[in-house]
Every structure is written in structure tokens, then in C-alpha cells.
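# A look at the structure
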Amino acid sequence: MASTRARLIRDMVRIRTVEEVLADHYRDEQEMRTPTHFSIGQEATAVGVCSATTVEDWVYSGHRSHAPYLAKGGDLEALVAELYGKEAGCAHGRGGSMHMIDQSVGFAGSAAILGEMISVAVGSAWAFVRAGEQRIAVTFFGDGAADEGVFAESLNFAAVHRIPVVFVCENNLYSISSPLSVRHAEGTSVHGRAAAAGVRARSVDGNDVFAVHAAARDAVEHARRGTGPVLLELATYRWRAHVGPGTDHDHGYRSKEEIDSWMAGCPILRAADALRAEEPDIDAAVEAWRAEFRQEIHAAIDRAKALPFPDTARLLDGAYLPAAH
Ligand SMILES: Cc1ncc(C[n+]2csc(CCOP(=O)(O)OP(=O)(O)O)c2C)c(N)n1
């Protein structure tokens, strides 16, 4: 099954399977000593967008980083080793889950300070322009990060200078437990704010991987042509708690009915439903992929656990240490 549409589903199944197994190990072993923000339920945004980029294009994300990293082709073993704090991790065991990086495939980096990577992506894309390169930058962030001032500044700067950046807002309705309704005036939206800054902006069903992919291809092409930045606001939903492997049905900030209704709109099930007429064997393929990726992630976990921790004498390598006065 080699069609682009089947490949998008396969990529989502891989991310879902990897994260579900990681979440189980995280909970049961207590050996990964890093906060983790899972994208379970949100896979269509990362897969739909990253599949529209080339290896030359740079992708950044915030704290919810595993899905964009894997969708861009980031090395799985380096991700797992990073979560276990091992020297072989993608950030040498110093960064943890929120500091994914694999520049060999164009995953330029992720960081936990909300909004930080929005401006860094704009700077990278501006550097591409100044070097006469045809590359673009993409930056993933949540609706909460879009409340940071740097978002407005970045939109404006990118629009004024026609910087080839694609802003990707994964709008999952909450900033931790604060719903959009208490943070934004009624009738406003993230894409509306981008449009007001002169950025071409679209709102897309973020749980429809085919729609996301089509919108991302259009956005990437627009940016690469030098016709200016684009923002995609992708409506999606996080199934697990904001941080950690568990669920949060009982935390009181969102209802069980709301969670159930979004789970019924699972991006993998929806994509398989849409493809069934064209690919009647899609359900068997999904099951086979799940089994394949379960093996892959279990093997990666076993290997990561056997790897060494960083040498304590070198723990501060790469850290910024202000000069002593
Ligand atoms: C500047 C800054 N302020 C506050 C935080 C604490 N914080 C971490 S995640 C988060 C909510 C993020 O929500 P959103 O951007 O919508 O992303 P989501 O977690 O929903 O994917 C907050 C407030 C932070 N990391 N950085």
C-alpha cells in the first residue's frame, strides 16, 4: 500500500503506537525523568504538515514535540534515549522530551518556553532568504503559545518582510486547563489575528490528515515562492492530560462527553474510513502497522535502557554559564 494517502495513515499509526507504548512505560517504570507532553489524538497535524516539507526545510515545535519530530523523520532511537536521559539521546540526555532535535532530517529543534520557537523559525527563514536559498521554516505551537506577545511580533515581522515561514497553530482548545473562551473575546480566532497582521491565514479541520496535507502543500508552496508567510490554524484535540501519560477526565475543566466526542473523531479512524473505498485492505494494513511499530518501539526502549547515562564530569557541556565576576 504505497499511495500518499496510505503513507499519511501509516505515519499517524506509527506516532500513535510509539506514544502509547512510551506512555505505558513512563507510568509503569518511573524511569523516564522528564515531563512528557503526548500528542495522542493530534497526529494528523504533525503528519499532514511535515509530509508537505522537504528535508531542506526546517521544522520547529514547542513542548509537544514527539509528533512533529517523528513526522519529520526524526530518529526514533535518539528520541527514546533522550527520554531515558542517555548520552545517545538527541540532546545527549540533557534536554528530555521537550528538547527534540534531528537536523539531519530538518527537525531544527523544540523548546518549552511558549512562543520561543515562533520567532526562532522566523529568524531561520529570514536567513534562508538572505542566503538566496529556496528553503522555508515551519513552526508548530499551541493556541496557548499564540497568546504570547512574541506571536504578534513574529506575524508582523514576517508579513512586512515576506518571510517564508509557515505558522502552524495546533488549536486543541486549552492552554493546560484554561479554555479559549476565558482567554479570547468571542468571535476572535488565531487565524483572524494572523490575517489582521497581513499574513495569509486559513482555518482547517486538524483531525483530517488529507485536508491538513493539502493545506500545508499550498502553504509551503506559497511561502517558497516568496509571496509571504502563511498561518494554518488546525482544530484538533488532546486525548491525554496536558502533561504526563494519564488521562484527566476527572480534573473538571472539560467534560467526559467532550472528550468522547473528539475521540470518536479519531484522525486515524477518519482517514481509514475515507480511504476504504479506494483501499479495501486498509484496516488489515493498520493492524499490521501497529504490530510492526509496537515491535520497533519496544526494541528501541530495550536498547535505550541498556545505554549509558552522560558522564557526570561532562554534564555542563553545552550549558550557558555566565562568566564569573
Ligand atoms: C512563557 C511560558 N509561560 C508559561 C509556560 C507554562 N506552560 C507550559 S505548556 C502551557 C500551555 C500551553 O498550551 P498550548 O500552547 O495551547 O499548547 P498545548 O499544551 O495545548 O499543546 C503553559 C502555560 C511556559 N512553558 N512558557
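Details of the structure are given in the entry above.
Only a predicted model underlies this, so the values are computations on that prediction, with no experimental measurement involved.

### Details of helix H8 (residues 209-224)
With 16 residues, H8 ought to run about 22 Å at 1.5 Å a step, and its terminal C-alpha atoms sit 22 Å apart, in line with that. By the burial criterion, the buried members of H8 are Val209, Val212, His213, Ala215, Ala216, Ala219, Val220 and Ala223. The elements touched by buried residues of H8 are helix H1 (4-29), helix H2 (43-50), strand E4 (165-171), strand E7 (200-205), strand E8 (230-235) and helix H10 (267-275). Once H8 finishes, Gly226 follows within two positions and takes phi at roughly 85°, a positive value.

### Focus: the site of the ligand
Among the 16 residues in the neighbourhood of the ligand, the closest are listed as Leu114, Gly142, Gly144, Ala145 and Ser175. Secondary structure elements with two or more residues in the shell around the ligand: strand E3 (137-142) and strand E5 (174-175).

### Re the environment of Ser51
Structurally, Ser51 can be placed in the loop between H2 and strand E1 (58-61). Classification of Ser51 by C-beta neighbours within 10 Å gives partly exposed; the count is 19. Taking the C-alpha atoms as reference points, Ser51 and Ser261, separated by 210 residues in sequence, lie 27 Å from one another. Excluding anything up to four places from it in sequence, Ser51 contacts Leu8, Asp11 and His213.

### Section: H10
Turning to H10, its buried residues are Pro267, Ile268, Ala271, Ala272 and Leu275. Summarising the axial view, the buried residues of H10 lie within an arc of 130°, below the 170-degree limit, and thus occupy one face. Of the surrounding elements, those touching the buried residues of H10 are H1, H2, H8 and helix H11 (282-306).

Cut-offs and rules
Residues numbered from 1 in each chain as written. Predicted model: local features only at pLDDT ≥ 70, side-chain atom pairs only at ≥ 80, totals over all residues. Helix = DSSP H or I, 4+ residues; strand = E, 2+ residues; numbered from the N terminus. Expected span 1.5 Å × (residues − 1). Buried ≥ 20, exposed ≤ 12 C-beta atoms within 10 Å, placed from the backbone. Contact = placed C-beta atoms within 7 Å. Near = placed C-beta within 6 Å. Arc of directions from axis to C-beta.

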